[in-house]
Amino acid sequence: GERDASLSIDSFHYPQHANPVYDWENFYRAEKLAAMRSPTGKAEDWPEFAEQFLGRWVFYTGRVLPFDIATHGFDVRDIDLAECRHYVSCDYGYEDACVALFWAQDDSGNLYMYDEIYERRITTEEYTSKIDEKIRPFRKQLAYITGDPKQPQVEHYLRRMGLSVLVINKKAQASREAGHRRLVDLLAVKADGLPGLMVERSNCKRTISEWNDLHYRELGDAAHRNEYAPNAIVGADHAYDACFVASTPVLSD
């Protein structure tokens, strides 16, 4: 309703002052903490505070990833890709989206997702050809590609193109638990004020949209959720899978 007046949905916002017994001490404490966490230094720009204390619907609660483009976004022109080590990670589907993520790692170990393939209904050969085309300028800096552990034909076509594919234990490669924890750790802000993983704002729009929308399924109080189960989350998870399921070696370097 707030975003599109043509929907004819009214929305109402009640400020804290409407509640005569509002806990202002807790508010100011949370506001100070949010300002410290926010990349702008403003509490209202920290999504959890905006939703929980300012009443702004930012779809934050229940999110799978602690991802915020204000914190994790970068411009590819700000780094020298030719001086970085490169990786590609894959998650192939046909009716589901097939995704390839392109990574650069600098000398400090920081990871930059600088490009993506995010398409539906393309063949394995078309998919791997697109990967080859995008990585071609950085062939000399390419460390390896991690294939899709559930789609061995992807590895077959990549090798035919002369690309180096890392071979590891398929069960370990497909572990959501290990990959998710590592991904969350990388998204955390370090002592220098920057996260260990950043995403290019213009080239990775589908990944950014997916990570913003990915939420845990709402369950009753009596339900016990396995947060690593495939049905535990709501929304497209193809870049999510490509990031940690197929790229666990990349995220563990």
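All of the points below concern the structure found in this document.

Conventions we followed
- Residues numbered from 1 in each chain as written.
- Predicted model: local features only at pLDDT ≥ 70, side-chain atom pairs only at ≥ 80, totals over all residues.
- Heavy atoms only, no water.
- Helix = DSSP H or I, 4+ residues; strand = E, 2+ residues; numbered from the N terminus.
- Buried < 20%, exposed > 50% of the residue type's maximum accessible area, 1.4 Å probe, protein only.
- Contact = heavy atoms within 4.5 Å.
- Salt bridge = Lys/Arg side-chain N within 4 Å of Asp/Glu carboxyl O.
- Pairing = 2+ DSSP bridges.
- Axes fitted to C-alpha atoms, helices over the stretch in contact; angles between N-to-C directions.
- Expected span 1.5 Å × (residues − 1).
- Core = buried A, V, L, I, M, F, W, Y, C linked by side-chain atoms within 4.5 Å.
- Phe/Tyr/Trp six-rings, centres within 6.5 Å; stacked < 30°, edge-to-face > 60°.

### Remarks on the overall build of the protein chain
Scanning the protein chain from N- to C-terminus turns up 10 helices and nine strands. Here the protein chain, with 253 residues, has 44% of them falling under the buried criterion. Taking all contacts inside the protein chain whose residues are at least 6 apart in sequence as the whole, residues at least 24 apart take part in 61%.

### Considerations on the pattern of salt bridges
Under the defined criterion, the tally for this structure stands at nine salt bridges. Note that Asp 192 is salt-bridged to Lys 190, the shortest N-O span being 3.8 Å. Using a relative accessible area of 35% as the deciding quantity, one classes Lys 190 as partly exposed. Salt bridges sharing common partners tie together Glu 95, Arg 120 and Arg 121.

### Focus: the pairing of strand β7 (residues 197–200)
Across the two faces of β7 the burial is the same, with Leu 197 and Val 199 and Met 198 and Glu 200 all buried. Across two bridges, strand β1 (residues 73–74) lies against β7 in parallel orientation. In the strand pairing of β7, Gly 73 is matched with Val 199. Inspection of the sheet shows strand β4 (residues 111–119) paired to β7 by three bridges, in the parallel sense. Residue Met 113 lies in a different strand from β7, and its bridge partner there is Val 199.

### Observations regarding the sheet that holds strand β3 (residues 98–105)
Two pairing modes exist for strands in a sheet, parallel and antiparallel, and in both the strands are linked by backbone hydrogen bonds. Read from one edge to the other, the open sheet built from seven strands follows the order β1-β7-β4-β3-β2-β5-β6, with strand pairing classed as mixed. Bordering the open sheet on either side are β1 and β6 (165–166), each of which pairs with just one other strand. Pairing of β3 with β4 involves eight bridges; the strand directions are antiparallel. Within the sheet, the bridge partner assigned to Trp 103 lies in β4 and is Met 113. Set on the sheet, helix α4 (residues 124–135) makes contact with β2 (85–91), β3, β4 and β5 (142–146); between it and β4 the angle comes to about 145°.

### What about α4?
Along its 12 residues, α4 runs 17 Å from first to last C-alpha, staying within 8% of the 16 Å computed at 1.5 Å per residue. Next to the buried residues of α4 lie β2, β3, β4, β5 and α5 (152–160).

### Looking at the nonpolar core
Soluble globular proteins: nonpolar side chains tend toward being buried together. Of all hydrophobic cores here, the largest spans 27 residues; its most connected members are Leu 65, Trp 103, Leu 183, Leu 197, Trp 211 and Tyr 240. Among the elements that make up this core, the one with the highest residue count is helix α9 (residues 238–244) (four residues). Leaving out residues up to four positions away in the same chain, Trp 211 has contacts with Arg 63, Leu 65, Phe 67, Met 113, Leu 183, Leu 197, Val 199, Ala 239, Tyr 240 and Cys 243. Among the nonpolar cores identified, the runner-up in size contains 26 residues, and Phe 74, Phe 138, Ile 145 and Val 154 belong to it.

### As for the packing of aromatic side chains
Within this structure, the stated rule accounts for 14 aromatic pairs. With centroids separated by 5.5 Å and ring planes inclined at 50°, the aromatic side chains of Phe 27 and Phe 49 adopt a geometry described as tilted. With Phe 27 in helix α1 (residues 24–37) and Phe 49 in helix α2 (residues 47–52), this residue pair connects regions lying 22 residues apart in the sequence. Overall, Phe 27 belongs to the buried group, its relative accessible area being 6%. Note on Phe 49: relative accessible area 4%, which makes it buried. Among the aromatic residues, those joined into a ring-pair cluster are Tyr 22, Trp 24, Phe 27, Tyr 28, Phe 49 and Phe 53.

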